[in-house]
Amino acid sequence: ATTATAQIGVTGLAVMGSNLARNFARHGHTVAVHNRTYAKTKALIEQHGHEGDFVPSETAEDFVASLQKPRRIVIMVKAGDATDAVIDEFAPLLDEGDVLIDGGNAHFEDTRRREKDLRDKGIHFVGAGISGGEEGALNGPSIMPGGSEESYKSLGPLLESIAAKAKDGSPCCTHVGPDGAGHFVKMVHNGIEYADMQLIAEAYDLLRAVGGYEPGRIAETFRTWNTGRLDSYLIEITAEVLAHTDAGTGRPFVDVVADEAEQKGTGRWTVQTALDLGVPVSGIAEAVFARSLSGHTGLREAARGLPGPSARALSPAEAEEFAAQVEQALYASKVVSYAQGWNMIAKASEEYGWDIDLGAMAAIWRGGCIIRAAFLDRIRAAFETDPQLSTLLADEGFAREVGQAQEAWRTVVATAVRHGVPTPGFSAALAYYDALRAERLPAALTQGQRDFFGAHTYRRTDREGSFHTLWSGDR
Ligand code: ATR
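Definitions and cut-offs
- Residues numbered from 1 in each chain as written.
- Predicted model: local features only at pLDDT ≥ 70, side-chain atom pairs only at ≥ 80, totals over all residues.
- Heavy atoms only, no water.
- 1 Å grid on protein atoms, 1.4 Å probe; cavity = no way out; pocket = protein on both sides within 12 Å on 5 of 7 lines; lining within 4 Å.
- Points joined across faces, edges and corners; volume = space filled by probe spheres on them.
- Near = heavy atom within 4 Å.
- Polar contact = N/O pair within 3.5 Å; in protein donor to acceptor, adjacent residues only side chain to side chain.
- Areas by Shrake-Rupley, 256 points an atom, 1.4 Å probe, with all protein chains shown as cover.
- Nonpolar A, V, L, I, M, F, W, Y, C, P; charged D, E, K, R; others polar.
- Helix = DSSP H or I, 4+ residues; strand = E, 2+ residues; numbered from the N terminus.
- Buried < 20%, exposed > 50% of the residue type's maximum accessible area, 1.4 Å probe, protein only.
- Contact = heavy atoms within 4.5 Å.
- Core = buried A, V, L, I, M, F, W, Y, C linked by side-chain atoms within 4.5 Å.
- Phe/Tyr/Trp six-rings, centres within 6.5 Å; stacked < 30°, edge-to-face > 60°.

All right, on to empty space enclosed by the protein then. Applying the stated criterion across every chain, the model contains one cavity of 30 Å³ or more. The volume enclosed by the largest cavity comes to roughly 50 Å³. Forming the boundary of the largest cavity are D196, I200, L230, S232, L234, I235, L330 and K334.

Pasting the structure below:
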């Protein structure tokens, strides 16, 4: 019979699962490993068995038996039906108090459903967002576990031991909140990542088309930006990509890549969910739509000849000034898209009763994940100063910076429009900023129209109550 020696188990040993198991083992934990097809388990042990203490099992029963109680099992299979299949296989083998962790990219509503089903059986189900890709899984991801507080007591220290560490040494892992909270914030993290990437792409496009910079020069510009407030993993890799020359053709790598961006779906989920919550996340939405548009080759082909300006490069001196303005526009737009993302988390937290610590989310994204950046420490600090902060834009520091950047931001958007360079991210962010700070919005007219055609009524600025006007054109 198998003896129960393992502190944690991982089932599903494709790259993410294997790397996570190795990360646990390298941190001194005894790790039970299992995969539907035993070949993968065997391969892991053959290639990496020396890295730590692994307990391989061929069957689910042996795997479960090899785990100390309360058992903690991380499921690392393809999100969707496979996750349900694995849960159905394991649930009957588990005892009350055991913890099943889904480390895949599940939709938070699926996680809520699974958590409820398993809770009825006395099993803790933890939907854990894991960010950082294959490299992160092995060397330290950002981990966003949901589920019960009780489950985090036994699981938290294990996860924190393998998580990335922020510069101040704290682990990039915290209990996010009940049921689907972890997968929810992971989804928004990915949405913010889309927005960040789109804004960077627009900056590149402007520097190239309007600034007249070659990719190598733009790489240098990004490297310089990376020493300032934009310091982040995404800016860093952008410079790498732009500096890369295609070996076969000798051309800039970025020029030989088809200009059609793909997506796996978490950005789309973010926007769909934001629509349901009624929270404007225009930065993320524009980023998702920009990817969709890029893939509509037929549409683009049909529209290619439409009239409009072509970008003309500025003089070198003007270009240098313009590049500095683009940095400001990029920064201000980034603040807006993060502000929107945080509003979305805040709204969901309220709606689902998750009680998410907004500053802690910034703290656990400082390392390990794709959007890791110095910037996130600022967001953490902003919520530390005011946990009730209604928008990041109202934080004193961010308000000052965006205020200083806004003139350059407007110049960049206006220049883009004049040169016919599409900047949906920069433009939407600026429109959001102006809408928020407006004294009056034309929504008053919208209400008038709604009352006119549908008797939907309106509220007044000078009196309490609900009003309807008898319009002469009333039907
Ligand atoms: P890969 O990343 O290797 O292409 P995948 O299809 O994304 O594989 O699946 C990732 C992991 O989920 C694999 O460990 C896979 O198990 P197999 O190695 O046996 O294919 C696992 N997986 C997928 N569907 C599963 C299911 N219904 N039940 C159990 N494990 C499953």
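Quick look at the site of the ligand now. Close to the ligand lie G12, L13, A14, N35, R36, T37, K40, V77, K78, A82, A85 and V86, which account for all nearby residues. At 2.3 Å from an oxygen atom of the ligand is found a side-chain nitrogen or oxygen belonging to T37. Between the ligand and K40, the relevant distance is 2.6 Å, taken from an oxygen atom to a side-chain nitrogen or oxygen of the residue. Coverage of the ligand by the protein chains reaches 67% of its 610 Å² of free accessible surface. Among the residues forming the shell around the ligand, the class breakdown is six nonpolar, three polar and three charged.

Looking at the second largest pocket, its volume works out to about 330 Å³. As for the second largest pocket, its lining consists of 19 residues, of which A346, I356, L358, P387 and Q388 are closest to the centre. Counting only elements with at least two residues in the lining of the second largest pocket, the list comes to α15 (316-352) and α16 (358-364). When residues of the lining of the second largest pocket are assigned to their parent elements, the largest contribution, seven residues, is made by α15. When its residues are assigned to classes, the lining of the second largest pocket shows nine nonpolar, six polar and four charged.

Attention now moves to the environment of S57. Positionally, S57 belongs in the loop between β3 (53-56) and α3 (60-65). By relative accessible area, S57 is classed as buried at 5%. A C-alpha to C-alpha distance of 34 Å links S57 and N190, two positions 133 residues apart in sequence. In contact with S57, other than residues within four places in its own chain, are V33, H34, Y38, T41, D62, F63 and S66.

Now for the nonpolar core. By size, the foremost hydrophobic cluster in this structure holds 88 residues, and its most contacted members are F184, F222, W342, W365, I379 and W409. Considering every element that reaches this core, the biggest residue donor is α15, with 16 residues. Residue contacts for F222: discarding those within four places in its chain leaves I200, A203, Y204, I235, T238, A239, L242 and L330.

This part is about the packing of aromatic side chains. Taken as a whole and judged by the stated rule, the model has 15 aromatic pairs. For the pair F108 and Y352, a centre-to-centre distance of 5.6 Å together with 80° between the ring planes defines the contact as edge-to-face. Taken as a pair, F108 in helix α5 (residues 108-120) and Y352 in helix α15 lie far apart in primary sequence, 244 residues in all. Ring centres of W342 and W365 lie 5.4 Å apart, and the angle between their planes is 70°; on these two criteria the pair is classed as edge-to-face.

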